[in-house]
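Read off the chains here:
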Amino acid sequence: MKKFFTILKRETFREMRSWKIIVIAIVMLSIMLVTLPLLSYSVQSIQPSYGILSAPYNDSGYIDLKVMAIDSGGTPVSVTGNVTFQYGSNGTKVFISDFKTSTSSPIIVKTHIKFEIPLNGFFIFWISGVKYYSEIISTNSISISIHQIVSPSNSSLPGIALLVTSYNGTVPGNFSLYINGTYAGKPDSNGFMKAFGIGKVTFKYGNYSQMIWEIPKPEIYSSLTPEALISSFTSSIISLFVPIAAIIAGYDSLAKEKVSGALDLILSRPVKRETVYWGKVLGAFLSIFIYFVIISLVFPFAAALFNINVTPLEIVSLIAAISFLTFIFIILEGISGFFGKSVSTPLVWGIVIWIFFNMIYSIISLGVLYISQISLSSLNALKLANIIGLGNPINIAKYITYMGLPNPQVLVYGVSLLEVVLGSIAWIIFSVLLFIYLSRRFE
Amino acid sequence: MIQVIGLSKTFDGRRPVRALKNVNFEIGKGEVLGFVGLNGAGKTTTIRIMAGVIRPDSGQVLIDGKDAIANHDSVAEMIAWVPENPIFDPTMKGRDFLIYISRFNNRNISRDKIDEALARVGLAEKANEKIKGYSLGMKRRLALAQAFIFEPEIMLMDEAMNGLDPEGMNFFRETMKEFKKSGGSVLLSSHILTEISGISDRITFIHRGETFQTSTVEELEDEFRKKLGNYTYFEVDSLDDNELEEIRRNFGVNAKFDGKLLWIKDASDDEIGNINIYLVKKNHRVMQIKRAEFNLETLFLQKVRELEGVKR
Ligand SMILES: Nc1ncnc2c1ncn2[C@@H]1O[C@H](COP(=O)(O)OP(=O)(O)O)[C@@H](O)[C@H]1O
Ligand SMILES: [Mg+2]
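Residues numbered from 1 in each chain as written. Chains lettered and ligands numbered in written order. Predicted model: local features only at pLDDT ≥ 70, side-chain atom pairs only at ≥ 80, totals over all residues. Heavy atoms only, no water.

Colleague: Explain the site of ligand 1 residue by residue, including any values.
Modeller: Residues and elements named next belong to chain B. Surrounding ligand 1, one finds Phe11, Val17, Ala19, Leu38, Asn39, Gly40, Ala41, Gly42, Lys43, Thr44 and Thr45. Between an oxygen atom of ligand 1 and a main-chain N or O atom of Gly40, the distance comes to 2.6 Å. At a separation of 3.2 Å, an oxygen atom of ligand 1 approaches a polar backbone atom of Ala41. Starting from 560 Å² of accessible surface for ligand 1 in isolation, the protein chains cover 63%. Contributing elements (two or more residues each) for the shell around ligand 1: strand S2 (17-27) and helix H1 (43-51). The greatest single-element share of the shell around ligand 1, amounting to three residues, is contributed by H1. For the shell around ligand 1, the class distribution of residues is five nonpolar, five polar and one charged. (Near = heavy atom within 4 Å. Polar contact = N/O pair within 3.5 Å; in protein donor to acceptor, adjacent residues only side chain to side chain. Areas by Shrake-Rupley, 256 points an atom, 1.4 Å probe, with all protein chains shown as cover. Helix = DSSP H or I, 4+ residues; strand = E, 2+ residues; numbered from the N terminus. Nonpolar A, V, L, I, M, F, W, Y, C, P; charged D, E, K, R; others polar.)

Colleague: Residues and numbers for the coordination of the magnesium ion (ligand 2), please.
Modeller: All names here are of chain B. At 1.9 to 2.4 Å from the magnesium ion (ligand 2) lie its protein donor atoms, namely Thr44 (OG1) and Glu84 (OE). Of the two residues, Thr44 sits in helix H1 while Glu84 sits in the loop between strand S6 (79-82) and helix H3 (94-102), which places them 40 residues apart along the sequence. The exposure class of Thr44 is partly exposed, given its relative accessible area of 27%. In this structure Glu84 comes out as partly exposed when scored by relative accessible area, which is 25%. (Donors = N, O, S within 2.8 Å, 3.2 Å for Na, K, Ca; no water. Buried < 20%, exposed > 50% of the residue type's maximum accessible area, 1.4 Å probe, protein only.)

Colleague: Account for the sheet that holds strand S14 (residues 286-291) of chain B, with residues named and values stated.
Modeller: Strand pairing in a sheet takes place through backbone hydrogen bonds and is either antiparallel or parallel in direction. All names here are of chain B. Read across the sheet, four strands follow the order S12-S13-S11-S14 without closing on themselves; strand pairing throughout is antiparallel. Since the sheet does not close on itself, it has two edges, and those belong to strand S12 (254-257) and S14, each with one partner. For this sheet, the mean angle separating the axes of adjacent strands, direction not counted, is 15 degrees. Summarising the sheet, strand S11 (residues 231-236) and strand S13 (residues 261-265) pair through five bridges and their orientation is antiparallel. Note that in S13 the partner of Thr232 across the bridge is Ile264. (Pairing = 2+ DSSP bridges. Axes fitted to C-alpha atoms, helices over the stretch in contact; angles between N-to-C directions.)

Colleague: Any chance you could break down the domain arrangement of chain B for me, citing the residues and the numbers?
Modeller: Entries for chain B in the domain assignment read domain 1 (2-223) and domain 2 (231-291). The C-alpha-based centres of domain 1 of chain B and domain 2 of chain B are spaced at 47 Å. (Domains from an automatic or database assignment.)

Colleague: Mind laying out a nonpolar patch on the surface, listing which residues take part and the relevant values?
Modeller: All names here are of chain A. A cluster of nonpolar residues, Ile351, Ile355, Met359, Ile360, Ile363 and Ile364, forms a patch on the protein surface that exposes about 540 Å² of accessible area. Checked against the element boundaries, Ile360 lands in helix H7 (residues 345-372). Residue classification places Ile360 among the partly exposed residues on the basis of a relative accessible area of 39%. (Patch = residues over 30% accessible without salt bridge, like charges linked within 9 Å, V, L, I, M, F, W, Y side chains within 5 Å. Salt bridge = Lys/Arg side-chain N within 4 Å of Asp/Glu carboxyl O.)

Colleague: Tell me what's going on with the confidence of the model for chain B, and back it up with residues and numbers.
Modeller: Here chain B shows a mean pLDDT of 89. Residues at 70 or above account for 97%. Reported confidences for the modelled complex are a pTM of 0.72 and an ipTM of 0.82. (pLDDT = per-residue confidence, 0-100.)

Structure representation (structure tokens):
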């Protein structure tokens, strides 16, 4: 243990003093900061739209909630689910669970709401365990926000559409909302949902039909929320730079020393070689972790100057993504020390794995996506492409970054948090086992 | 006592190299074992296995009966290795390297001991300079200092005398003698037999990954005399085939001429005298007449040639 910490300490400080690592950290932070004004401009250009639904007031009102759907071709499809109401001092909650549709294509969802309204308080509307907001605007009005619903067959995943409604008073009888389009959004400071995207919402009550709002297609169509834009930007930057830093640290501390023979005298001493190898890997990891965590913490403050809000959860997921990338690439580079013949072999290997995961893998994924689109719907093809992405640590790091978003599905449609966690764990286990195997196989 | 038993090792690669086939020897307490073979015979590979840097495919290294490969993290404390071409992190300072490596030991090593070792190998003045600026000789001295600080019972010296100046040789010999006296065991490899024959108690030969003989220097001298010792040579200006044939016939000796030297085997003093008279009569200039001297190097090369002959 003492020997392990001797190595860990030395490698950490040595890599922290490495000018290459410092240069990469500074270049990365500079790029992030220099791009902030541009990012801020892009975020503002995503125009929010509002839609408010109003209906006649009735004292004995209730809301009857049913959910049905027709697919985009107009054929009715079945939508099943349980609706539960929960009364409590905090207000009333409506739960819809086990929400399932029988179609695999994007659907139009009709919500049919029937509910006894407690005029004071609020209720929260749930679909498939995803919380959607509903807040009282005034004592006799209720706003109902419904995120949804582009749902693949038998999936409980929330889709990438969002409907925002505000409902004043109560409705005796049935009404329907027709949602058609792609939306993403979040509640603003007044509790209204801001919807971003394109689409149409129509309110129907008996014979009465009214289009509530239509969000026109923006000039540059984007389903991105401001958070998603920042998240995809930062994740792209770290995907480019963190692996380079990790490869350099893995090269300096382990691969180069192993191939050159500088490690031999240490290995001849009474110490297990695993202790030496892992001390070096984790020392290199710590050095990069320290620098890049500092960057992750500096960035939100700089972003705040440009009115870009980065939440603590987004910072946590950014740090998790950086740690994951650093670890995997140090291990992958360290491995090259076991089969390298000259001190340049591990460097070439490092460049190859960087190019492979940053470029070639994406090209292959795109190819698969292109081919699969022939037989799959575009959403399923998108889902497939994202699932294929789990095979690439660079993509996993991006997904981890996105998981800090309120609605990650905007960026990683079809991949759940669980799948991202499992994908990361699988990659860590795989690289560690490969490292252990090759360290024994070659010497 | 160290026992090396049946070591074999093949380096994988596009063209696998069978570096060791069957290596066996023993080194007793207070003994210096010379380890001699041509370049590429497998000395360094054997020593690296003993140092625990690489693992053999099969075979054992026992130290006082304990498996040194399986128990590397305890047994290696008794061993110090001086590599053939020591490689260090060039950005480190010599003294810092010693402090760093001294931590990889189960006993604590004081700074005084490190400074003492540096002084002993003559590196005290350069100890606070980066290894980047060290000459090869200085790196080897640093490797030697590294071996000293651990106060080992066994030293593995790979081509340690190679390239030393006379002063360095002298220092090395004295150091080894001292180490021996204190009960230490030394493995001393070299591709030049004469370089180490003076300080080795016994010598083990290795050729193409196989050890084939272990003898004392006295035994080797006897062997030399038996095999090669009874040659006498004449240095003559020239000799034609007829004359050579005549010498063989007239004196009944085994004679060879290699263009410069006339070699006669098992000749008595009388026969030598008569051959000399014959040569002079034939108007040849005889520059010198000499009995072949005891030369371990010749013996070593002869052995290698024999082994190669057996193979063919
Ligand atoms: N790491 C290695 N990879 C491949 N071949 C090696 C390696 N180390 C040594 N060899 C080969 O093994 C044989 C023995 O080498 P070595 O033990 O260095 O011999 P010596 O020290 O007696 O000169 C040589 O043919 C050498 O090329
Ligand atoms: Mg050698």
